[in-house]
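# Commentary on secondary and tertiary structure
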Amino acid sequence: MDAAVKSAVAPLDLSFKVEGMTCASCVARVEKALKAVPGVESASVNLATEKATVRANPALPVDALSAAVEKAGYDIASDTVSLAISGMTCASCVGRVEKALKKVPGVTAASVNLATEKAQVTSVGVPLEKLLAAVEKAGYEAAPVSEGGVAETKAEAGLPGWWPVAVAALLSAPLVAPMLAMPFGLHWALPGWLQLALATPVQFWLGARFYKAGWKAVLARSGNMDLLVALGTSAAYALSLYLLLRHGDHAGMGHLYFESSAVVITLVLLGKWLEARAKHQTVAALHALESLRATTAIVRRNGREDEVPVSQVRVGDMIVVRPGDRVPVDGEVTEGSSHLDESLLTGESLPVTKGEGDTVTGGAVNADGMLVVKATAVGGDTMLSHIIKLVEDAQAVKAPIQRLVDKVSAVFVPVVLLISLVTLLGWGWMTGDWQQALLNAVAVQVIACPCALGLATPTSIMAGTGVAARYGILIKDAEALETAHAVNVVAFDKTGTLTEGKPAVVAVEAAARPERELLEMARAVQQYSDHPLAKAVQAEAARQGIGLRAATAAQALAGRGVRADVDGSTVYLGNKRLMQEIGLATAGMEEAAARHESAGRTVSWLAIQANGGTELAGLLAFGDTLKPSARAAVQRLQAIGVASVMLTGDNPGSARAVASAVGISDFRAEVLPGDKADVVAALKKDGKTVAMVGDGINDAPALAAADVGIAMSTGTDVAMHTAGITLMRGEPTLVAEAIDISKKTYRKIQQNLGWAFIYNIVGIPLAALGYLNPVIAGAAMAFSSVSVVSNALLLRRWKPAFTEGGKQ
């Protein structure tokens, strides 16, 4: 018996990549782990290709194989692919496509978005052809989406998308005109055969799409909006045809209902066209980012400058960027200086100055000077490609709130058909007027709108993430957006988020000489050093317009400081240990030094040796300067009801000074990098919804521990990958703006879902009770979808409360 079953069920062959193997013993361990999984017939692992091939029972879940490999100490690499799905019309279609994809052995996750008409599928060892075949079997068409590609709506035979609506309206207008004229005392009607001639092309030519999609739903043992429209309009058309054939074309034949079927189809086509236009606008931000991609680049090779397709540019190539050109790839400026417009990438409206050694991002526009740029990232590795991928992924993944919608959509069409049948039988048996009973049943089918339910969440998310990206706020996924709206505590890592993250001269304390001369000497003695403190001195001297004196015999004193000869004197600049080595007492300035050190600043002493004596000239205090917009950022958070907490490794005195300067009352001092995640966890235990803002590698655990991680793109890639939201500028004011757009987007989702549910809860009973005729029901159905999308589009008008630099 068992053998017969085994032979009847064809085994499943899966091939997938295993990560972490280094030797033959790893291969043996993985093979052993896979073979031990119940249902696996055979398993072989190839170290060279890092692939495992497994033959198993088709019912075996891939998760069991993943768990076995992970338990053995390795990982299975999964593939994520985007598919453009055509033919979907409502939330029921979304559920059917998802169900079909999830049934494919090897698929671990599938998410379908009605608004973008895309599916995002995560699988292990599943060929693309199997995914495409599964979608086609469900009654839809699928095609892979190339990296960074945006699905476009295809025009039919080169005609504009509105032509079916226009033709349907022209044919339906004479049918509905008599009904519109009745309130004015005009009673006239078209001959029955003319009504048939006008309604038939609308029903079976322009309405063919509803029959095709509805039939596919029937074959898939499911239902969708198209099936409801096809059944409802066919019933009205068939009733009219029956009356016409039975009574003939004469005055006593009574009213025909051809206008109901024709006008309903016209209105649904109109609604679908308006919906498509609105959906296109929701991805406008993505199209704007796509338009930043350069198609060609001028590459300098072997003394020649050639224009080549950007796909041929390689890392290390020297790229010439002329004034007015778009930077084709990420790189570093090696020649020239200019101003770049990065507004669509970062939301920064002012041009950014770039010179030798500065990094540039592909997609920025060169304003005036010519630049030579060394390519550091090309193709899918550029910042622009990462941004586009991030926005696409955010718009593809469903929000948690959508799960309720999916459950409703799964049973929506069958329930509507049942209500329609009850309406038909109930009216027919109670009144004996089967003609009116059929019209009421048709109205129930036509008014039911799963489209509005399916569009309520994704259109809001697309509009919200799109407008946020325009202002430099990248939201990784819908879950981050949905969580961010509830944030009531923001934990800031001090360095790099509230402060600039690099040392600067914050005080010059002179003992015997003018402060300006002290800074001039410090600049001279450090002019050959690349130390961060030396760069801070150079920057401050340049800011004050202090000239550069010549220095000779410059020498770095490891762990102590520097020395050099300046204008016949020997100048020392360094720590207290250096002062002790040259036998100089610092007692006169100890109090000033202690004050700076207690504030968390670094103190460098400056001594001048001349004419056989050594004098203490003064000291320089270095600190991390606050970002100009830090205080405004905290105030903005307070204004929207969000508290701020500051985390820092500084001593309590220094932490208190910075917290006070930005207006934060709650701070945690002397927090080690590894303990930040524990602080975040403690805040969450108090019932708070916590957002963590950081920019460094050591912030990654805390970003992951928070309900929402917010990373500054001025920091590390690790922080950006861990965070749910990335800010493209180092502006702390964007934190409040990210929470604000999340709140507004979530509010739109609630409004849209509320409208969609109320519409159906109210509309279907009204139709069943006979208060709505099919024409009004069709108009209401079309309006419901358009209103949901239009409401979501209002998010495109959102603007940050603060401009660059924290100014309102």
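For every chain, the first residue of the written sequence is number 1, and numbering continues from 1 along that sequence. At least 70 in pLDDT is required for a residue's local features to be given in this predicted model, at least 80 for side-chain atom pairs to be given and counted, and no such filter applies to totals for whole chains, interfaces and linings, which use all residues. Hydrogens and water are ignored here; the side-chain numbers use all heavy atoms of the structure.

Let us look at the environment of Lys212. Position of Lys212 among the secondary structure elements: in helix α8 (residues 208–219). With a 1.4 Å probe rolled over the protein chains alone, any residue whose accessible area is under 20% of its type maximum counts as buried; one over 50% counts as exposed, and the rest are partly exposed. Here Lys212 falls in the exposed class, since its relative accessible area comes to 59%. Put simply, DSSP marks the helices as runs of H or I at least four residues long and the strands as runs of E at least two long, and each gets a number from the N terminus on.

Attention shifts here to the pairing of strand β29 (residues 708–712). In terms of burial, β29 is a largely internal element, five of the five residues being buried. Here β29 shows no split at all, with Val708, Ile710 and Met712 on one side and Gly709 and Ala711 on the other all buried. By the convention used here, strands pair only if DSSP detects at least 2 bridges between them. Of the strand pairs in this sheet, β29 and strand β30 (residues 725–727) are connected by three bridges, and their pairing is parallel. Following the sheet pairing, Met712 is matched in β30 by Leu727.

Note on patches: the residues involved have over 30% relative accessible area and no salt bridge, like charges join within 9 Å, and the nonpolar side chains Val, Leu, Ile, Met, Phe, Trp and Tyr join within 5 Å. Accessible areas in this description were obtained via Shrake-Rupley with a 1.4 Å probe; residue shielding takes into account the shown protein chains only. Here, a salt bridge means any side-chain nitrogen of Lys or Arg that lies within 4 Å of a carboxyl oxygen of Asp or Glu. A cluster of nonpolar side chains, namely Ile758, Ile761, Val762, Leu766, Leu769 and Tyr771, defines an oily patch on the protein surface of about 630 Å² accessible area. Summarising the element assignment, Tyr771 is placed in the loop between α28 (733–768) and α29 (774–793).

Here a Phe, Tyr or Trp ring, Trp counted by its six-membered ring, pairs with any other such ring whose centre lies within 6.5 Å, and the pair is stacked when the planes are under 30 degrees apart, edge-to-face when over 60, and tilted otherwise. Throughout the structure, instances matching the rule amount to five aromatic pairs. Look at Trp163 and Trp205: their rings are 5.7 Å apart centre to centre, the planes differ by 45 degrees, and that puts the pair in the tilted class. Within this pair, whereas Trp163 is found in helix α6 (residues 163–181), its partner Trp205 is found in helix α7 (residues 192–206), the two being separated by 42 residues in sequence. Trp163 gets classed as buried once you look at its relative accessible area, which sits at 17%. Measuring from centroid to centroid gives 5.8 Å for Tyr471 and Trp798, while their planes differ by 80 degrees, and the two rings are edge-to-face. Residue Tyr471 is found in the loop between α16 (450–470) and β18 (473–475), and its partner Trp798 is found in the segment after α29; the two are separated by 327 residues along the sequence. Residue Tyr471 shares its accessibility class with Trp798, and that shared class is buried. The rings of Phe204, Tyr211 and Tyr237 are connected pair by pair, giving a single aromatic cluster.

This brings us to the nonpolar core. Buried Ala, Val, Leu, Ile, Met, Phe, Trp, Tyr and Cys residues that are joined via side-chain atoms within 4.5 Å together make up what is termed a nonpolar core. Counting residues in hydrophobic clusters, the biggest one holds 77 residues, and the most contacted among them are Leu83, Ile85, Met88, Val97, Leu101, Leu131 and Tyr140. Per-element accounting of this core gives the leading share, eight residues, to helix α9 (residues 225–247). Ala630, Val642, Ala659 and Val708 belong to the second-largest nonpolar core, a separate cluster that totals 39 residues.

Among the secondary structure elements, Thr122 is positioned in strand β7 (residues 118–123). Whether two residues are in contact is decided by their heavy atoms, any of which lying within 4.5 Å being enough. Sequence-distant contacts of Thr122, defined by excluding residues within four places in its chain, comprise Ser78, Asp79, Thr80, Gly106, Val107, Thr108 and Ala109.

Spatially, three strands are ordered β14-β13-β16 in an open sheet, and the strand pairing comes out antiparallel. Because the sheet does not close on itself, it has two edges, and the strands there are β14 (352–354) and β16 (365–366). Looking at chain direction, strand β13 (residues 338–341) and β14 are connected through three bridges and run antiparallel. Following the sheet pairing, His339 is matched in β14 by Thr353.

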